[in-house]
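The lines below spell out each chain.
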Amino acid sequence: MKRDYYDVLGVARTASDEEVKKAFRRLAMKYHPDRCPDDPHAQEKFKEAKEAWDVLGNPERRALYDRHGHAAFEHGFGGGGFNNVGDIFGDIFSDIFGMGRRSGRGSDLRYVMELDLEEAVAGVEKQIRIPTLVNCQFCNGSGSEDGKLATCATCRGLGRVRMQNGIFSIQQSCPQCGGTGRVIRTPYHRCHGEGRLQDERSLSVRIPAGVDNGDRIRLTGQGEAAPSGGAPGDLYVEVRVREHPVFKRVGDDLHCEVPIRFAQAALGAQIEVPTLDGGASIHIPPETQSGQVFRLRGQGVRSVRSRHTGDLLCTVVVETPVRLDKRQRELLEQFEATFADADEAKKHSPRASNFMENVKQFWAKMTG
């Protein structure tokens, strides 16, 4: 049984012609045998997609299929030829065969910029230097010694060439002249006819407030110059935020650990905590346990996308006192002696009591 052509392409029956085209292109790129030489099923999947496209890509044949299904094309019923893949979708198969058209555009560049957390949160302007290809100033980017052009010998001035790959005949822009039909007669000696030279360029980059690790900033036209004076590529500045000694960013929130003394946790206290703007005060209520989180709203990061501002979450960590003198040790020993009675100890140590109860249940389960 043949699969439904709409299911083959993965589109709805109400899909537009453009959606059908995109679906076929995706499958053709994925399953073409030249791209999947080691996949024994790729050729069958490619043929199946091609067959579905031959029908759904033709308005008349698609209308017949919608009315009669696969029966519309049995015993010659339905007529009509197949879609000319090479002519209609030369761009698809030029991608598959690695023969993409020359766009005349320079290559895009990538620059990794490291920032401190404070810079990423507040925004900053940075000067960067990037090695790149720039337009040759001696030939004004033309690549020509005398400005004269000649007919391209590869395409004989047509600007297009036809390539054969198996059953497909593909017409594409001439790789030699880029589709213009003309080439430089006398290449300029300094840039060897490319119209560009290696150089280092200085740029000022404005980093918006709220950027995070992996965010990219696109600077249009700041990439490599194109051969023979074409449009330059773009520059992508990728952000890398250095690890901070106090704060950790999670989304738009900031997290930090705040150490407090045993007495502060037991009796309560008012303590100062750091923020990116300076500092803030939080109230530690009596009997606070280690690991309790206090939230300071609006003290996080303002998102570069939604403009929402996150919070600062402070996790308190109760520190065990160290380097005790004799007097401090004596006081702690006296304090510990007040827990000699087991029931009294349970009353003041809820987490320890719960822990021991869980341990008892665990051992009872293990021993049957």
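Residues numbered from 1 in each chain as written. Predicted model: local features only at pLDDT ≥ 70, side-chain atom pairs only at ≥ 80, totals over all residues. Heavy atoms only, no water.

Caption draft 1: Seen up close, the overall build of the protein chain. For the protein chain, the count of helices and strands is eleven helices and 15 strands. Long-range pairs, those at least 24 residues apart, make up 63% of the contacts in the protein chain between residues at least 6 apart in sequence. (Helix = DSSP H or I, 4+ residues; strand = E, 2+ residues; numbered from the N terminus. Contact = heavy atoms within 4.5 Å.)

Caption draft 2: Expanded view of the packing of helix 3 (residues 42–56) against helix 4 (residues 59–68). The interhelical angle for the contact between helix 3 and helix 4, taken along N-to-C directions, is 100°, at an axis separation of 6 Å. In this view, helix 3 runs roughly perpendicular relative to helix 4, as classed from their interaxial angle. Seen from helix 3, the contacting residues are Asp54, Val55 and Leu56; seen from helix 4, they are Arg61, Arg62 and Tyr65. Split by residue class, the contact of helix 3 with helix 4 holds three nonpolar, no polar and three charged. (Axes fitted to C-alpha atoms, helices over the stretch in contact; angles between N-to-C directions. Parallel < 35°, antiparallel > 145°, perpendicular 65-115°, else oblique. Nonpolar A, V, L, I, M, F, W, Y, C, P; charged D, E, K, R; others polar.)

Caption draft 3: Quick look at the packing of helix 2 (residues 17–31) against helix 3. Contact geometry of helix 2 with helix 3 gives a least axis separation of 9 Å together with a crossing angle of 160°. When the interaxial angle is binned, helix 2 and helix 3 end up roughly antiparallel. Relative to helix 3, helix 2 is oriented so that their crossing is left-handed. Along the contact surface, helix 2 presents Val20, Lys21, Phe24, Leu27, Ala28 and Tyr31, while helix 3 presents Ala42, Gln43, Lys45, Phe46, Ala49, Lys50, Trp53 and Leu56. Looking at the contact of helix 2 with helix 3, its residues break down into ten nonpolar, one polar and three charged. (Left-handed = near helix turned anticlockwise from the far one by under 90°.)

Caption draft 4: Helix 9 (residues 326–337), seen in detail. With twelve residues, helix 9 extends 17 Å between its outermost C-alpha atoms, agreeing within 8% with the 16 Å of an ideal straight helix rising 1.5 Å per residue. Residue Asp325 occupies the N-cap position of helix 9, its side-chain oxygen lying 3.2 Å from the main-chain nitrogen of Arg327. (Expected span 1.5 Å × (residues − 1). Polar contact = N/O pair within 3.5 Å; in protein donor to acceptor, adjacent residues only side chain to side chain.)

Caption draft 5: Region of interest: helix 2. The terminal C-alpha atoms of helix 2 lie 21 Å apart, and with 15 residues this matches the ideal 21 Å at 1.5 Å per residue to within 8%. Of the positions making up helix 2, those classed as buried are Val20, Ala23, Phe24, Leu27, Ala28, Met29 and Tyr31. (Buried < 20%, exposed > 50% of the residue type's maximum accessible area, 1.4 Å probe, protein only.)

Caption draft 6: Up close: the state of the cysteines. For the structure shown, the criterion picks out zero disulfides. Free of any disulfide, Cys152 has its nearest neighbouring cysteine sulfur in Cys174, separated by 3.8 Å. (Disulfide = S-S within 2.5 Å.)

Caption draft 7: A look at the packing of aromatic side chains. Throughout the structure, instances matching the rule amount to five aromatic pairs. When the ring of Phe335 is compared with that of Phe339, the centres are 5.2 Å apart and the planes differ by 85°; the resulting orientation is edge-to-face. Site record: aromatic cluster; members linked through ring pairs are Tyr5, Tyr6 and Tyr65. (Phe/Tyr/Trp six-rings, centres within 6.5 Å; stacked < 30°, edge-to-face > 60°.)

Caption draft 8: The arrangement of a nonpolar patch on the surface in detail. Taken together, Phe262, Leu332 and Phe335 make up a surface patch of nonpolar side chains, about 260 Å² in accessible area. Considering the arrangement of structural elements, one finds Phe262 in helix 8 (residues 262–267). (Patch = residues over 30% accessible without salt bridge, like charges linked within 9 Å, V, L, I, M, F, W, Y side chains within 5 Å. Areas by Shrake-Rupley, 256 points an atom, 1.4 Å probe, with all protein chains shown as cover. Salt bridge = Lys/Arg side-chain N within 4 Å of Asp/Glu carboxyl O.)

Caption draft 9: Inspection of the side chain of Thr132 at higher detail. Position of Thr132 relative to the elements: it lies in strand 2 (residues 124–135). Non-local contacts of Thr132, meaning those with residues more than four positions away in its chain, are made with Leu109, Leu197, Gln198, Asp199, Arg201, Gly223 and Glu224.

Caption draft 10: Structural detail: the environment of Glu19. By secondary structure assignment, the location of Glu19 is in helix 2. By relative accessible area, Glu19 is classed as partly exposed at 44%. Separated by ten residues in sequence, Glu19 and Leu9 place their C-alpha atoms 9.7 Å apart. Only 2.8 Å separates the side chain of Glu19 from the backbone nitrogen of Ser16, close enough to count as a polar contact.

Caption draft 11: Structural detail: the sheet that holds strand 9 (residues 235–241). Taken together, the three strands give an open sheet; going across it, the order is 1-9-8, and neighbouring strands pair in mixed fashion. Each edge of the open sheet carries a strand with a single partner, namely strand 1 (109–115) and strand 8 (216–219). With strand direction ignored, the average angle separating the axes of adjacent strands in the sheet is 25°. Relative to strand 9, strand 8 is paired through four bridges, and the arrangement is antiparallel. (Pairing = 2+ DSSP bridges.)

Caption draft 12: Molecular detail of the nonpolar core. Core analysis: the biggest nonpolar cluster contains 36 residues, and Leu115, Ile207, Ile271 and Val273 have the highest contact counts within it. In contact with Ile207, not counting residues within four places along its chain, are Met113, Leu115, Gly123, Val124 and Ile217. If you look at the next biggest cluster of nonpolar residues, it comprises 19 residues, including Tyr5, Tyr6, Phe46 and Leu56. (Core = buried A, V, L, I, M, F, W, Y, C linked by side-chain atoms within 4.5 Å.)

Such coordinate-based values are descriptive only and should not be taken to indicate function.
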